[in-house]
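In case you want the letters, here they are:
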Amino acid sequence: MTRKPLRSQAWFGRQDKMGFYYRSFLKNTGIPQDQFDGRPVIGICNTWSELNPCNAHFRLIAEHVKKGVLDAGGFPLEFPVSSLGEVTMRPTAMLYRNLASMDVEEAIRAHPLDGIVLLMGCDKTTPALLMGAASADLPTIGVSGGPQLRGMYRGAAIGSGTNIISMSEQLRAGEITIEEFHEAEAAMNRSSGHCMTMGTASTMASLVEALGVGLPDNAAIPAADARRNLLARMAGRRIVGMVEEDLRMSKILTRQAFENAIRVLAAIGGSTNAVVHLLAIAGRVGIPLTLRDFDELGRDVHCLVDLMPSGRFLMEDFSYAGGLPVVLRRLGEAGRLHRGAITANGKSIWENVKDAPSWNDEVITTTEKPFKPNAGIAILTGNLAPDGAVIKPSAASPHLLRHTGKAVVFESIEDLHGRIDNPDLDIDETSIMVLKNCGPKGYPGMAEVGNMPLPRKLLRQGVRDIVRISDARMSGTAYGTVILHVAPEASAGGPLALVGNGDRITVDVPARSLHLHVSEAELAKRRAEWTPPPPPADRGYTKLYVDHVLQADRGADLDFLVGKSGAAVPRDNH
Ligand code: FES
């Protein structure tokens with residue numbers, strides 16, 4: 001077994017009063033004495049919750065992980081942490097990502113654990129668990145819960161989020177009935193698992209694999225496919241070996257691993273949310289990642305997968321086509337992968353994928369005939385976003401990537417909802433919608449409201465996209481010419497706060513610029529008149545969050561959580 005004294009032996013290896021306590025109370029759950037003999041204790045960090053339907057099957061996954069741990073001679077102990085359900089949490093699950101990461105980090109450190117299996121699914125559960133585990137830095141393997149089967153409505157495939165957005169616009173435009181809308185609700189989410197478009201959950205599951213934290217095929221096997229359970233069992237077996245090899249997170253989460261993840265993000269046309277999450281995870285392990293890295297590393301990477309929201313297919317199709325190993329192989333063959341990056345199974349990422357077969361070149365296109373060329377996330381800067389803003393060109397309308405228009409400003413999401421369908425709203429298809437006070441501090445929590453709904457009067461004219469700018473995020477399942485994560489945000493006094501109705505704005509994605517055509521003198525005058533919005537809370541976690549959250553260009557982590565404390569055994573409690 002392990003060559004190094006196991007951390008858990010500081011609890012279970014003691015032959016004194018405290019050793020009695022530590023062992024005896026676990027024995028009331030049916031644990032025999034031999035489980036305390038120095039075998040690796042594996043914590044299964046579970047985000048199961050009935051309030052988080054995407055993770056509702058995680059008890060079953062945990063059982064398969066346990067079997068794997070036992071197969072390999074480890075001692076599994078499952079424990080719960082906060083579960084962040086994207087659809088049910090208000091004001092936004094993102095407000096609680098950092099809180100959940102603290103829960104994970106402290107739970108790992110406080111308990112007699114030698115290795116960790118992270119069970120992750122719905123959007124924020126993945127970055128929260130990766131961040132917390134990275135700060136604790138034990139040997140850790142990630143297991144994603146898997147995407148749902150494809151939605152099927154009236155004989156056609158429909159995708160989570162993506163078709164919700166298009167159908168709600170059709171409903172607003174009077175093109176479908178409320179009965180059809182209700183029927184589609186049940187048809188869309190028809191199996192266990194998380195959103196099955198290449199939204200944030202599928203993007204983050206792909207990045208778990210690309211970073212090397214998960215096993216090959218982690219990203220795409222549907223939750224309802226028995227191979228997901230097999231993957232969980234194999235992860236349970238493998239974590240025991242990782243403890244013996246002392247293969248900690250910090251050994252896997254290297255600069256090369258993050259660069260691979262950024263390229264994969266481009267190659268899968270992944271969610272813009274991943275930018276914030278990767279920055280935050282990198283911050284926990286001391287890797288200096290910046291927005292510029294996303295632009296530079298993703299710039300010459302083609303989007304290879306024809307998946308919604310940008311394309312036609314869904315994660316189930318991606319799995320049958322060969323899944324992420326095919327994308328990784330094609331990146332490697334194109335010289336866009338650090339082949340030597342080590343992964344959780346102890347092999348390099350290239351060893352894992354070099355022979356990965358592709359079964360459908362329509363779903364996973366080739367680098368010679370990519371689904372979309374040069375599809376990385378673009379980072380815009382200028383006097384409207386001095387610290388950067390994010391756009392996903394592959395989800396935008398090509399004719400709007402270079403555009404100048406007049407601003408139609410909304411001071412808050414409530415202001416937007418109150419006026420968007422006012423027939424007197426002065427807006428046309430050349431306008432630029434600007435939404436303020438939806439950033440990390442402003443909302444608070446940086447909600448997914450950046451893909452603002454279009455005014456009904458424009459929808460009725462057949463307009464389906466106009467330029468939208470905000471300090472918010474957008475759902476990974478959304479699309480459109482949407483500029484997000486403007487930093488600094490309006491509530492922190494960024495220039496976005498100073499935009500007025502009718503101001504001219506130029507978006508130039510090829511030149512990577514975002515410019516507000518207002519003179520410095522006028523901006524200074526507006527700044528002198530600007531007052532910050534009142535704080536959203538005067539106590540509790542929300543106050544802690546608002547007082548300490550970093551801006552989007554730094555991952556929106558809490559300033560005091562950046563870095564790691566490791567997993568040294570805490571002081572004894574007697
Ligand atoms: Fe959970 Fe989309 S709502 S992944």
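Read on for an overview of the structure. Since this is a predicted model, take the numbers as computed values, not measurements.

1. So, the environment of Ile469
Phase 1: You can see Ile469 is positioned in strand β11 (residues 467-470).
Phase 2: Note on Ile469: relative accessible area 0%, which makes it buried.
Phase 3: Remark: the alpha-carbon pair of Ile469 and Val390, spanning 79 residues in sequence, is separated by 9.7 Å.
Phase 4: Setting aside residues no more than four positions away along its own chain, Ile469 makes contact with Leu384, Ile432, Met433, Val434, Leu435, Met452, Ile483, Val486, Leu496, Ile505, Val507 and Leu514.

2. Considering helix α8 (residues 200-211)
Phase 1: The first and last C-alpha atoms of α8 sit 16 Å apart over 12 residues, in line with the 16 Å expected at 1.5 Å per residue.
Phase 2: Where α8 terminates, the next one or two residues include Gly212, which has phi positive at roughly 95°.

3. Section: the packing of aromatic side chains
Phase 1: Enumeration according to the criterion identifies 6 aromatic pairs in this entry.
Phase 2: Each member of the aromatic cluster is reached from another via a ring pair, and the members are Phe12, Phe36 and Phe75.
Phase 3: If you follow Arg339 out to its NZ or CZ, it ends over the ring of Trp350, 3.9 Å from the centre.

4. Quick notes on the pairing of strand β10 (residues 432-435)
Phase 1: Because side chains alternate across β10, one face comprises the buried residues Ile432 and Val434, and the other comprises Met433 and Leu435, equally buried.
Phase 2: Summarising the sheet, strand β9 (residues 402-410) and β10 pair through 4 bridges and their orientation is parallel. Bridging across to β10, Val409 finds its partner in Val434.
Phase 3: Relative to β11, β10 is paired through 4 bridges, and the arrangement is parallel.

5. With respect to the layout of surface pockets
Phase 1: In this structure, the largest pocket occupies an estimated 1,500 Å³ of space.
Phase 2: Elements that contribute at least two residues to the lining of the largest pocket include exactly α6 (162-172), α8 and α17 (413-419).
Phase 3: With 7 residues, the single largest contributor to the lining of the largest pocket is α6.
Phase 4: Each residue belonging to the lining of the largest pocket can be placed in one class, and the counts come to 21 nonpolar, 18 polar and 8 charged.

6. Details of the pattern of salt bridges
Phase 1: Enumeration over the complete set of coordinates arrives at 46 salt bridges.
Phase 2: Here Lys66 ties to Glu78 by a salt bridge, and the two come within 2.9 Å at their closest N and O atoms. Of this pair, Lys66 sits in helix α3 (residues 58-71) while Glu78 sits in strand β2 (residues 75-80), and the two are 12 residues apart along the sequence.
Phase 3: A salt bridge links Arg419 to Asp415, with the shortest nitrogen-to-oxygen separation between them at 2.8 Å. Of this pair, Arg419 and Asp415 both sit in helix α17, separated by 4 residues, roughly a single helical turn.
Phase 4: Using a relative accessible area of 28% as the deciding quantity, one classes Arg419 as partly exposed.

7. As for the sheet that holds strand β3 (residues 115-120)
Phase 1: Ordered by their spatial adjacency, 4 strands build an open sheet running β2-β1-β3-β4, and the pairing between neighbours is parallel. The strands lining the two open edges of the sheet, one partner per strand, are β2 and β4 (140-144). Neighbour-to-neighbour, the strand axes of this sheet turn through a mean angle of 20°, independent of strand direction.
Phase 2: Alignment of strand β1 (residues 41-46) against β3, held across 5 bridges, turns out to be parallel.

8. Focus on the side chain of His194
Phase 1: Note that His194 resides in the loop between α7 (178-188) and α8.
Phase 2: Filtering out sequence-adjacent residues up to four positions away, His194 remains in contact with Cys54, Gly121, Cys122, Gly146, Pro147, Gln148, Ala201, Ser202 and Ala205.

9. Side note on empty space enclosed by the protein
Phase 1: What the rule picks out here adds up to 2 cavities of 30 Å³ or more.
Phase 2: Each pocket or cavity is described by its volume, and for the largest cavity that value is around 50 Å³.
Phase 3: In terms of lining residues, the largest cavity is bounded by Glu209, Gly212, Gly214, Leu215, Pro216, Leu328, Thr343, Ile349, Asn352 and Val353.
Phase 4: Tallying contributions element by element places helix α16 (residues 349-353) first for the lining of the largest cavity, with 3 residues.
Phase 5: Residue composition of the lining of the largest cavity, grouped by class: 5 nonpolar, 4 polar and 1 charged.
Phase 6: Empty space within the second largest cavity amounts to approximately 40 Å³.

The rules behind these values
- Numbering of residues starts from 1 in every chain and runs along the sequence as written.
- Since the coordinates come from a predicted model, pLDDT governs what is reported: local features require at least 70, and pairs of side-chain atoms require 80 or more to be given and counted, while whole-chain, interface and lining totals use all residues.
- Where side-chain values are given, they derive from all heavy atoms of the structure, hydrogens and water being excluded.
- For the purposes of this entry, the term helix denotes a DSSP run of H or I that reaches at least four residues, the term strand denotes a run of E that reaches at least two, and both are numbered from the N terminus.
- The classification of residues rests on relative accessible area computed with a 1.4 Å probe and restricted to protein chains. Under 20% of the type maximum is buried, over 50% is exposed, and intermediate values are partly exposed.
- The contact criterion used throughout is that any non-hydrogen atoms of two residues lie within 4.5 Å.
- Expected span, for any helix, means 1.5 Å times one less than how many residues it has.
- Two rings belonging to Phe, Tyr or Trp (six-membered ring only in the last case) form a pair when the distance between their centres is within 6.5 Å. Interplanar angles under 30 degrees mark stacking, angles over 60 mark edge-to-face geometry, and anything in between is tilted.
- A positively charged side chain is recorded as over a ring if its NZ (Lys) or CZ (Arg) lies within 6 Å of the ring centre. The angle to the ring normal must also be within 35 degrees.
- Pairing between two strands requires that DSSP report at least two bridges joining them.
- Buriedness for pockets is judged along seven lines, at least five of which must meet protein on both sides within 12 Å for an open set on the 1 Å grid over protein atoms alone, while cavities are sets there where a 1.4 Å probe fits but cannot get out, and lining residues have an atom within 4 Å of a point.
- Grid points are joined across faces, edges and corners, and a volume is the space filled by probe spheres set on the points.
- Each residue is assigned to one of three groups, with Ala, Val, Leu, Ile, Met, Phe, Trp, Tyr, Cys and Pro labelled nonpolar, Asp, Glu, Lys and Arg labelled charged, and all others, Gly among them, labelled polar.
- The salt bridge definition used is simple: a Lys or Arg side-chain nitrogen within 4 Å of an Asp or Glu carboxyl oxygen.
- Interaxial angles span 0 to 180 degrees and are taken between N-to-C directions of axes, which are lines fitted to C-alpha atoms, for helices over the stretch in contact.

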